[in-house]
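# Structural description and commentary
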Amino acid sequence: MARSQSSQSKQKYAAVMRISAPACKLAAFDPSHDFGAPLFDAGILRVGFHRLRGHFRAGSEYCATHLLHATISGEIVCEAGDKPLRVRKGEVLIAPARGPHRLRMTKSPCTVAWIHIRQTPQWEFLRATGREVRALIAPGDFENVMEAIVRLSRPEGARSAELMFHYAEILLILLSRELEHLHSPADRAAQIRLLRLWDAVREDPAHDWSATELAERVGLSSGYLPEICRRHFGVTPMQKVT
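Residues numbered from 1 in each chain as written. Predicted model: local features only at pLDDT ≥ 70, side-chain atom pairs only at ≥ 80, totals over all residues. Heavy atoms only, no water.

## Digging into the environment of Leu 126
- Note that Leu 126 resides in the loop between strand 8 (99-117) and strand 9 (132-135).
- When its relative accessible area of 1% is taken as the criterion, Leu 126 is described as buried.
- What Leu 126 contacts, discounting residues up to four positions off in sequence, is His 66, Ile 94, Pro 96, Ile 117, Leu 179 and Leu 182. (Helix = DSSP H or I, 4+ residues; strand = E, 2+ residues; numbered from the N terminus. Buried < 20%, exposed > 50% of the residue type's maximum accessible area, 1.4 Å probe, protein only. Contact = heavy atoms within 4.5 Å.)

Here you go:
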């Protein structure tokens, strides 16, 4: 007998965090499968969009991934650490890897969107931070993109590689904005220059881009550009172009 989409989503989420949500509608996407390459290449392990009702708990005493858990409506409490952190409507929990992640719903119904991020050089700066809760910069955009990505991943969805790539690019930009305050000023400046570079590349896809020309465009050495590109986007400049 085929498992339901909800059952599959619970099992995928449980692979990272134990979950108890008997009456909740869960939907998650594993970017390592199908057409999720843009997200997977950027270090995104799983994304999810849940509509919670009644009872919901999820957690791990040692989570090997970084976690961003946004509350779209309702309220979630993160119970790991000395002081519980409330994640209210329009807020996001940022929790670095290698620590406990324990979540509990306190206001039902509740809608949440979450992202598990692998420990890669691109996201290394998250390990230097502690858990924190802050207001989402663009809650409406974040909700729409997360819901669209999960919807596209469903068997009955459009399953368009082009659309998924489009939404993946938007999600990575939104993530960059949400985590911008955690970067050093030099990192932020480099990231802005890279984003402008990719805009130029997209505007001229027929151009025969070279690693040397890309480096010249952003004013970096051809040896340093791959390093900073891998740090922010998880790929080399030429991988990004192609």
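Now that the structure has been shown, the text picks up again.
## Points about helix 4 (residues 161-178)
- With 18 residues, helix 4 should reach 26 Å at 1.5 Å per residue; the first-to-last C-alpha distance of 25 Å fits that figure.
- Taken together, the buried positions of helix 4 are Met 164, Ala 168, Glu 169, Leu 171, Leu 172, Leu 174, Leu 175, Ser 176 and Glu 178. (Expected span 1.5 Å × (residues − 1).)

## Observations concerning the nonpolar core
- Counting residues in hydrophobic clusters, the biggest one holds 34 residues, and the most contacted among them are Ile 44, Val 47, Ile 115 and Leu 171.
- For this core, the elements supplying multiple residues, two or more each, are strand 3 (44-52), strand 5 (66-78), strand 7 (91-95), strand 8, helix 3 (139-153) and helix 4.
- With near-sequence residues (within four places) excluded, Ile 115 lies in contact with Ile 44, Arg 46, Val 47, His 66, Leu 67, Leu 68, Phe 142, Met 146, Leu 171 and Leu 175.
- The next biggest cluster of nonpolar side chains, apart from the first, holds 22 residues, and it includes Val 87, Ala 95, Leu 103 and Cys 110. (Core = buried A, V, L, I, M, F, W, Y, C linked by side-chain atoms within 4.5 Å.)

## Some remarks on the environment of Ala 70
- Among the structural elements, Ala 70 can be located in strand 5.
- Linking Ala 70 and Ile 94, residues 24 residues apart in sequence, is a C-alpha distance of 8.8 Å.
- With residues near it in sequence (within four places) discarded, Ala 70 still touches Glu 91, Val 92, Thr 111, Val 112, Ala 113, Leu 136 and Phe 142.

By themselves, these are just geometric observations and shouldn't be taken as functional.
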